[in-house]
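Listed below are the residues making up each chain.
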Amino acid sequence: MHLAITVSETEAKCYINGELVDTKTGSFKNPQKSTLGNMAIGGDYRSGNGQNLKSAELYSVSLFSDVRDAATIKADMSGVDYSSDKLVGTYDLTREGLERLRDRSKNENHLAYTNTKDSSLNESFLVDTMKEGTDFSSANLYRLADIPTETPYTFEAEIYFPSFMSMSDRGGVIFGNYEGPEKCINFEIYSNGNPRLFWTNKNGTIIQSTFGNVNV
């Protein structure tokens, strides 16, 4: 499926396969750039990378600095415009080897791979047999090489969840840097398959949009 979350100061929206499926209204004050910190794909920074994507395959992740509308999100399903000046970063995780780590946007904020349990695997993983997308475990950390200079307000991912997953499971983090209550943005699948955007604003206040009407 193609999953997208957009957030403005007054509402957050969730799209599945280009269709708006849930909206949350409230006060979503934008985080400052300085709160972004080091971001990762497929997990975050808490002990043991414990909220990595579970049993899922991630095909792509794209981040945009604007609040994209439904038509633009639907168009992204056919292919992201790599030249867009609103593109913060975009990663095609179906590619082989080092190409999997490349940011296709103008920012060229490539991924760095680390195996937190066995550093000898840091290079050998690149020749592993690939599935259609990339899967994740608690040892695998795909980290952006640089702190993003722009705050994303649209988060998109192509993702596959197998049918054997429990309907109540927490899917895990698609993109984020949570390691505690400060300086974080997490784009994730929460309990009961609910997409969620969890972040802190410039005052350290926790702000979250959990889309309870959606179970991916």
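Up top is the structure.
Keep in mind that this is a model prediction, so the values were computed, not measured.

A look at the pattern of salt bridges
Any two side chains of opposite charge can pair, so long as their charged atoms come close to each other.
Part 1 of the reasoning: Applying the stated criterion across every chain yields a total of 11 salt bridges.
Part 2 of the reasoning: One salt bridge connects Glu-11 with Lys-13, and the closest N-O pair in it is separated by 3.5 Å.
Part 3 of the reasoning: A salt bridge links Arg-102 to Glu-99, with the shortest nitrogen-to-oxygen separation between them at 3.8 Å.

Describing the nonpolar core
Part 1 of the reasoning: Grouped together as the largest cluster of nonpolar side chains are 40 residues, with contacts concentrated most on Ile-41, Leu-53, Leu-58, Leu-111, Ile-174, Phe-175 and Phe-187.
Part 2 of the reasoning: Beyond its immediate chain neighbours, meaning those up to four positions away, Phe-187 contacts Leu-3, Ile-5, Phe-155, Glu-156, Ala-157, Val-173, Ile-174, Phe-175, Arg-196 and Leu-197.

Re the sheet that holds strand β5 (residues 57–64)
Part 1 of the reasoning: Read across the open sheet, the 6 strands follow the order β3-β2-β1-β9-β5-β6; overall the sheet is antiparallel. Either end of the sheet is taken by a strand with one partner, and the two such strands are β3 (19–25) and β6 (87–92). With direction set aside, neighbouring strand axes in the sheet form an average angle of 15°.
Part 2 of the reasoning: With 7 bridges joining them, β5 and strand β9 (residues 154–160) adopt antiparallel strand pairing. Each residue of the ladder has a partner; that of Ser-60, found in β9, is Glu-158.

Describing the pairing of strand β7 (residues 111–115)
Part 1 of the reasoning: Only one face of β7 is covered, namely the face carrying Leu-111, Tyr-113 and Asn-115; the face carrying Ala-112 and Thr-114 is uncovered.
Part 2 of the reasoning: Here β7 runs beside strand β8 (residues 140–144); their pairing, made up of 5 bridges, is antiparallel. Each residue of the ladder has a partner; that of Thr-114, found in β8, is Leu-141.

Description of the packing of aromatic side chains
Part 1 of the reasoning: All chains considered together, the criterion is met by 4 aromatic pairs.
Part 2 of the reasoning: Between Phe-136 and Tyr-142, the aromatic rings sit 5.4 Å apart at their centres with planes inclined by 80°, giving edge-to-face as the arrangement.
Part 3 of the reasoning: The class for Phe-136 is buried, based on a relative accessible area of 8%.
Part 4 of the reasoning: Put simply, the rings of Tyr-113, Phe-136 and Tyr-142 touch in pairs and so form one group of aromatic residues.
Part 5 of the reasoning: The ring of Phe-64 carries Arg-68 above its face, with NZ or CZ at 3.7 Å from the centroid.
Part 6 of the reasoning: For Arg-196, the ring lying beneath its charged end belongs to Tyr-190, and the centroid distance is 3.9 Å.

What to know about the sheet that holds strand β11 (residues 185–189)
Part 1 of the reasoning: Across the sheet, which stays open at both edges, the 7 strands sit in the order β7-β8-β4-β10-β11-β12-β13 with antiparallel pairing between neighbours. Strand pairing shows two members of the sheet lacking a second neighbour, β7 and β13 (206–210), which therefore form its edges.
Part 2 of the reasoning: Across 2 bridges, strand β4 (residues 40–41) lies against strand β10 (residues 172–176) in antiparallel orientation. Within the sheet, the bridge partner assigned to Ile-41 lies in β10 and is Phe-175.

The rules behind these values
- Residues numbered from 1 in each chain as written.
- Predicted model: local features only at pLDDT ≥ 70, side-chain atom pairs only at ≥ 80, totals over all residues.
- Heavy atoms only, no water.
- Salt bridge = Lys/Arg side-chain N within 4 Å of Asp/Glu carboxyl O.
- Core = buried A, V, L, I, M, F, W, Y, C linked by side-chain atoms within 4.5 Å.
- Buried < 20%, exposed > 50% of the residue type's maximum accessible area, 1.4 Å probe, protein only.
- Contact = heavy atoms within 4.5 Å.
- Pairing = 2+ DSSP bridges.
- Helix = DSSP H or I, 4+ residues; strand = E, 2+ residues; numbered from the N terminus.
- Axes fitted to C-alpha atoms, helices over the stretch in contact; angles between N-to-C directions.
- Phe/Tyr/Trp six-rings, centres within 6.5 Å; stacked < 30°, edge-to-face > 60°.
- Lys NZ or Arg CZ within 6 Å of the ring centre and 35° of its normal.

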